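So you can see what is in the structure, the chains are spelled out below.
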Amino acid sequence: MQKKTVLWVSSLAAASALAPFSFAQEKPAEHAHHGTFMQGGMHHPVAKGVTLDSKVDSNAHSVTLRVGPMKLPANTDHMKMPQPPDLVWAVPFEGWLLAYHPRLVDSNGTAVPGTVLHHTAFWNENRADFLCPNKEEHIFGAGGELTDWAEVPGYGYHVQKGDKIRIETMVYNPTATSYDRVYLEVQIPFADASAPSVEKLIQNAYPAWMDVRSCGNSGYDLPTGKSTKSGTVTVKYDGVLLGVGGHLHDYGRQVVLQNSSREETVATLDAAVDAQGRLESVPVKLFLQQGGYKFSANDVLKISAAYDNPTGKLLRDGAMGIAVGYFVPADDKAMAALRRKAKPAHDMAVISHDH
Ligand SMILES: [Cu+2]
């Protein structure tokens, strides 16, 4: 019987190295690529003592990343809430990441409502995004809806040993309940490239973030009432989209992805919202039965996001509209080559969570 190996590796070094510099340095221009909410020049307080731990279960072929603990006082918006610094996971194996299962728990392991997660985003600093090469490759993201990225059998996201995955997390607490020690956990099943098995038959799939803000920062100001924002991106490779989900913030209603070049609607995703219009979930549509939705190089994709903001106020940086799916290129070589040097010194890195 194989011995079960469970290792908790603390990334204390990265966290403690980041924190002291977070106020001392100006945000360098190249950090503007993150494409989340980070606009407007206001600085968040940085949460103290938040670290990244990783637990590799080599028997179950699963790694669990854990960010925390975070203290979340009731009724605190994301501008006032101290935010975790960016944390980096160095991938300890060569292989494929197959799925992402996020959840929020307290120190007893009890579930905390997803609504306190404003956003988390994982970026591979060693690769460029294939739709927006000005950005790092964005491999996973979730908001309050805690989108579960299910495994698509036969496909995975290839990582090399040592790839640096930067984890951005933003929290808030719109509820009347305070939470003291909250952890974001993301469980990631993986396939090990060195395993002598079918795992080597895994095909490379790349996350495709198709944003109403094209290749700019994703966040934008949300006007009051009904509004729709649209943008385009151009696909540079032939291939297929296996499926698509959506990312919206509160008061988001719908994401539509169209192929303008072919005058086709790829998917219409209607959000589920609660009585106040807060986002509950955005559905996922898979095209596996058709063998994927075909993209041709130079196809122009149009993305639209519809919101209905009942607050009577313009919400600064309150909205995002993104269709996100897995893309499988017809020829993997060009895509696989989209590597870049990771930013050298993380101890010099700066918190990107500044508004
Ligand atoms: Cu977002």
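Preceding block: the structure.
Keep in mind the model is a prediction, meaning the values are calculated, not measured.

Re the overall build of the chain
For the chain, the count of helices and strands is 2 helices and 25 strands. When each of the 355 residues of the chain is scored for burial, the buried share is 55%. Here the contacts in the chain between residues at least 6 apart in sequence split such that 82% fall between residues at least 24 apart. Within the structure as shown, the chain displays about 15,100 Å² of accessible surface, and the carbon and sulfur contribution to it stands at 54%.

Brief notes about the state of the cysteines
By the definition in use, this model includes 1 disulfide. The side chain of C132 participates in a disulfide bridge whose partner is C215; the two sulfur atoms lie 1.9 Å from each other. Between C132 and C215, the disulfide has an S-S torsion of -75 degrees and is therefore left-handed. Pair noted here: C132 is in the loop between β7 (117-128) and β8 (136-142) and C215 is in the loop between β13 (206-211) and β14 (220-222), with a separation of 83 residues, a long-range link. On the basis of relative accessibility, which here comes to 26%, the residue C215 falls in the partly exposed class.

Comments concerning the pattern of salt bridges
Counting across every chain of the model gives 12 salt bridges. Here R166 and D86 are joined by a salt bridge, their closest N and O atoms 2.8 Å apart. With a gap of 80 residues between them, R166 in strand β10 (residues 164-171) and D86 in the loop between β3 (62-72) and β4 (87-90) connect regions that are remote in the sequence. Each member of the pair, R166 as well as D86, carries the same accessibility label: buried. The partner of E264 in a salt bridge is R262, with the nearest N and O atoms 3.6 Å apart. Where salt bridges share partners, they join D86, E125, E136, R166 and E168 into one cluster.

Quick word on the environment of A205
Along the polypeptide, A205 turns up in the loop between β12 (203-204) and β13. The buried category is assigned to A205, whose relative accessible area is 3%. For A205 and V152, which are 53 residues apart along the polypeptide, the C-alpha to C-alpha distance reads 9.5 Å. Once you skip the residues sitting within four places of it in the chain, A205 turns out to touch Y155, G156, Y157, Y326, F327 and V328.

What about the coordination of the copper ion?
Summarising the metal site, the copper ion is bound by the protein donors H119 (ND1), H247 (NE2), H249 (NE2) and M320 (SD), whose distances to it range over 2.0 to 2.7 Å. Between the 4 donor atoms coordinating the copper ion, the angles at the centre fall across 89 to 129 degrees, so the site counts as tetrahedral. Ordering the donors of the copper ion by residue number gives the pattern H-x127-H-x1-H-x70-M. With a gap of 71 residues between them, H249 in the loop between β16 (239-248) and β17 (252-259) and M320 in the loop between β24 (315-319) and β25 (321-329) connect regions that are remote in the sequence. Each member of the pair, H249 as well as M320, carries the same accessibility label: buried.

What counts as what
Residues numbered from 1 in each chain as written. Predicted model: local features only at pLDDT ≥ 70, side-chain atom pairs only at ≥ 80, totals over all residues. Heavy atoms only, no water. Helix = DSSP H or I, 4+ residues; strand = E, 2+ residues; numbered from the N terminus. Buried < 20%, exposed > 50% of the residue type's maximum accessible area, 1.4 Å probe, protein only. Contact = heavy atoms within 4.5 Å. Areas by Shrake-Rupley, 256 points an atom, 1.4 Å probe, with all protein chains shown as cover. Disulfide = S-S within 2.5 Å. Salt bridge = Lys/Arg side-chain N within 4 Å of Asp/Glu carboxyl O. Donors = N, O, S within 2.8 Å, 3.2 Å for Na, K, Ca; no water. Tetrahedral: all angles 85-135°; square planar, octahedral: opposite > 155°, others 65-115°.

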